[in-house]
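Chain residues, written in single-letter form:
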Amino acid sequence: MALTGRSKNRLFIFAASLLLMSCGNETSTTAPDTASSAKAPEVKKIPAPAFNPDSAYAYIKAQVDLGPRVPGSTAHAACAEFLSAKLRSYGFEVMIPAGQTVKTSDGKQFALKNIIASYKPELQSRVMLCSHWDTRPVTESDTKDKDKPGDGANDGASGVGVALEVARQISLLHPNVGVDIIYFDVEDYGDNGNEDSWCLGSKYWATNLHKRDYVANFGILLDMVGGPGAVFVKEGYSAEMAPQIVDKVWSAAERLGYGNYFQPQTVRFVGADDHVPVNEQAHIPCIDIIQYNKATGGFPDYHHTHKDNMDAIDKNTLKAVGQTLLEVIYSEQ
Ligand code: AHN
Ligand code: ZN
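Definitions and cut-offs
- Residues numbered from 1 in each chain as written.
- Chains lettered and ligands numbered in written order.
- Predicted model: local features only at pLDDT ≥ 70, side-chain atom pairs only at ≥ 80, totals over all residues.
- Heavy atoms only, no water.
- Helix = DSSP H or I, 4+ residues; strand = E, 2+ residues; numbered from the N terminus.
- Buried < 20%, exposed > 50% of the residue type's maximum accessible area, 1.4 Å probe, protein only.
- Contact = heavy atoms within 4.5 Å.
- Areas by Shrake-Rupley, 256 points an atom, 1.4 Å probe, with all protein chains shown as cover.
- Core = buried A, V, L, I, M, F, W, Y, C linked by side-chain atoms within 4.5 Å.
- Donors = N, O, S within 2.8 Å, 3.2 Å for Na, K, Ca; no water.
- Near = heavy atom within 4 Å.
- Nonpolar A, V, L, I, M, F, W, Y, C, P; charged D, E, K, R; others polar.
- pLDDT = per-residue confidence, 0-100.
- Pairing = 2+ DSSP bridges.
- Axes fitted to C-alpha atoms, helices over the stretch in contact; angles between N-to-C directions.
- Expected span 1.5 Å × (residues − 1).
- Arc of directions from axis to C-beta.
- Lys, Arg positive; Asp, Glu negative; His and termini not counted.
- Salt bridge = Lys/Arg side-chain N within 4 Å of Asp/Glu carboxyl O.
- Polar contact = N/O pair within 3.5 Å; in protein donor to acceptor, adjacent residues only side chain to side chain.
- Parallel < 35°, antiparallel > 145°, perpendicular 65-115°, else oblique.
- Left-handed = near helix turned anticlockwise from the far one by under 90°.

### Side note on the overall build of the chain
Working step 1: Across its full length, the chain carries nine helices and ten strands.
Working step 2: Buried positions account for 51% of the 333 residues belonging to the chain.
Working step 3: Pairs at least 24 residues apart make up 79% of the contacts formed inside the chain by residues separated by at least 6 positions.
Working step 4: Accessible surface, the chain as shown: approximately 15300 Å² in total, 55% of it carbon and sulfur.

Structural data, given as structure tokens:
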């Protein structure tokens, strides 16, 4: 078909405007990438929500109010129910693998209850938070009633409560990553002087993962994270095994103004803790946020005594730790 002059003109205008439109489109899609010099398209950063220390405190008190969560006790069983139900209510998939037994150094056997909670298990990029939830059966560092368990408010309940408040925040504002909260059982049944006798739940988990090929970008263990005026130094084993995670967490704390809690020196003062099997058997870089006593070079003086009760919990410390964790989680892609 022969084209008249007018229709040739129209065709030209049409073709030219298509070309312009496509140029315009190209410009608008390529400009931001060029400007930010980013290679892969970035997922939008979600500002971290505000950690509520009253809520974390209430979760710690709820555990303490059940009584010492000594393996085999009714309080222990009730606490497993309480924590599972809470985590489920925050949209986590929760499992307590059955049929796992551990033997403590005094020859007792316990049905292990590791509580494993996963938010968006389908996501590849994951952060793992962990703490132990059991209470030590004795208070050997006290002067009386040493043979009775204490409240384990800071040693056990604090890390659990902080992670539970993180779970609640995640249910309200979804981060870009998956999150696993693992509450290890039978951490605190050990014998002083026998490093192998501690951390039985985490050792079991690390050698029998709840999911084949489970992996997380990194892990953060919370151990005694509620003490008034707590100092967290860079724990030596963590600094050696996962220096980049220590930096990530300590620099987040610094940014938020919690540098008085998260101090820059590195000190090796923890013998055995749950992050060791996570690093060595599960091969997940994992650090320990654990209170350091500058005066003694060890644990706080109420450690493994009856003074480890709700008086050993300070909401300002809970806020510093919890807000730092949220900052780290919501910064992760
Ligand atoms: C030892 O005391 C050998 N390890 C510290 C692990 C722990 C016990 N954290 C709290 N209680
Ligand atoms: Zn302990």
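On we go from here.
### Considering unusual backbone geometry
Working step 1: Even without glycine at this site, Asp213 takes up a positive phi of about 60°.
Working step 2: Take Asp213: it is sitting in the loop between α5 (200-207) and β7 (218-223).
Working step 3: Looking at Asp213, the relative accessible area reads 62%, which means it is exposed.

### With respect to the nonpolar core
Working step 1: Leu87, Phe92, Ile181, Tyr183, Ile220, Phe262 and Ile289 are the most contacted members of the largest nonpolar core, which has 60 residues in total.
Working step 2: Residues Ile116, Phe184, Ala206 and Ala216 belong to the second largest nonpolar core, which totals 14 residues.

### Concerning the coordination of the zinc ion (ligand 2)
Working step 1: Within the protein, Asp155 (OD), Asp188 (OD), Asp188 (OD) and His304 (NE2) serve as the donor atoms for the zinc ion (ligand 2), at 1.9 to 2.4 Å.
Working step 2: Mapped onto the polypeptide sequence, the residues donating to the zinc ion (ligand 2) form the spacing pattern D-x32-D-x115-H. Pair noted here: Asp188 is in the loop between β6 (178-184) and α5 and His304 is in the loop between β10 (286-290) and α9 (315-331), with a separation of 116 residues, a long-range link. Like His304, Asp188 is buried.

### Focus: the site of ligand 1
Working step 1: Near ligand 1, the surroundings consist of Asp155, Glu187, Asp188, Trp198, Asp223, Ala272, Asp273, Phe299, His303 and His304.
Working step 2: The protein chains hide 92% of the 320 Å² of surface that ligand 1 would expose on its own.
Working step 3: Classifying every residue of the shell around ligand 1 by side-chain character gives three nonpolar, two polar and five charged.

### Focus on the confidence of the model for the chain
It should be kept in mind that the predicted coordinates are not to be read in detail where pLDDT is low.
Working step 1: With 88% of its residues at a pLDDT of 70 or more, the chain shows a mean pLDDT of 91.
Working step 2: Counting contacts from residues 1-36, a segment whose pLDDT is below 50, to residues more than four positions away or on other chains yields three contacts.

### A short note on the sheet that holds strand β5 (residues 126-132)
Working step 1: One open sheet accounts for six strands, arranged β1-β4-β6-β5-β7-β10; its pairing is mixed. Because the sheet does not close on itself, it has two edges, and the strands there are β1 (93-95) and β10. Neighbour-to-neighbour, the strand axes of this sheet turn through a mean angle of 15°, independent of strand direction.
Working step 2: Across seven bridges, the pairing between β5 and β6 is parallel. Following the sheet pairing, Cys130 is matched in β6 by Ile182.
Working step 3: Those strands touched by helix α4 (residues 153-172) are β4 (115-119), β5, β6 and β7, and its axis lies near 150° from that of β5.
Working step 4: Across the sheet, α5 is in contact with β4, β5 and β6; its angle to β6 comes to roughly 135°.

### Here we look at helix α7 (residues 243-255)
Counting along an α-helix, one turn takes 3.6 residues, and residues three or four places apart therefore face a common direction.
Working step 1: Across its 13 residues, α7 extends 18 Å between first and last C-alpha, which sits within 8% of the 18 Å expected from 1.5 Å per residue.
Working step 2: Burial in α7 covers these residues: Ile245, Val246, Val249, Trp250, Ala252 and Ala253. End-on, the buried residues of α7 take up no more than an arc of 155°, which puts them together on one face. α7 presents Glu254 and Arg255 as exposed residues on the side facing more than 90 degrees away from its buried surface.
Working step 3: Among the structural elements, β7, β8 (232-235), α6 (236-241), β9 (262-267), β10 and α9 are those in contact with the buried residues of α7.

### Let's talk about the side chain of Asp308
Working step 1: If you trace the backbone, Asp308 turns up in the loop between β10 and α9.
Working step 2: Despite its burial, Asp308 pairs with no opposite charge; the closest candidate is Arg69, at 7.8 Å N-O.
Working step 3: In terms of polar contacts, Asp308 uses its side chain to reach the backbone amide nitrogen of Asp155, at 3.0 Å.
Working step 4: Aside from chain neighbours lying at most four places away, what touches Asp308 is Asp151, Gly152, Ala153, Asn154, Asp155 and Tyr302.

### A few points about the packing of helix α2 (residues 53-65) against helix α3 (residues 74-89)
Working step 1: Where α2 contacts α3, the two axes come as close as 10 Å, and the packing angle between them is 155°. As the angle between them shows, α2 and α3 are arranged roughly antiparallel. Considering how the two elements wind past one another, α2 and α3 form a crossing that is right-handed. Counted together, Tyr59, Ala62 and Gln63 of α2 and Cys79, Phe82 and Lys86 of α3 form the full contact between these two elements.

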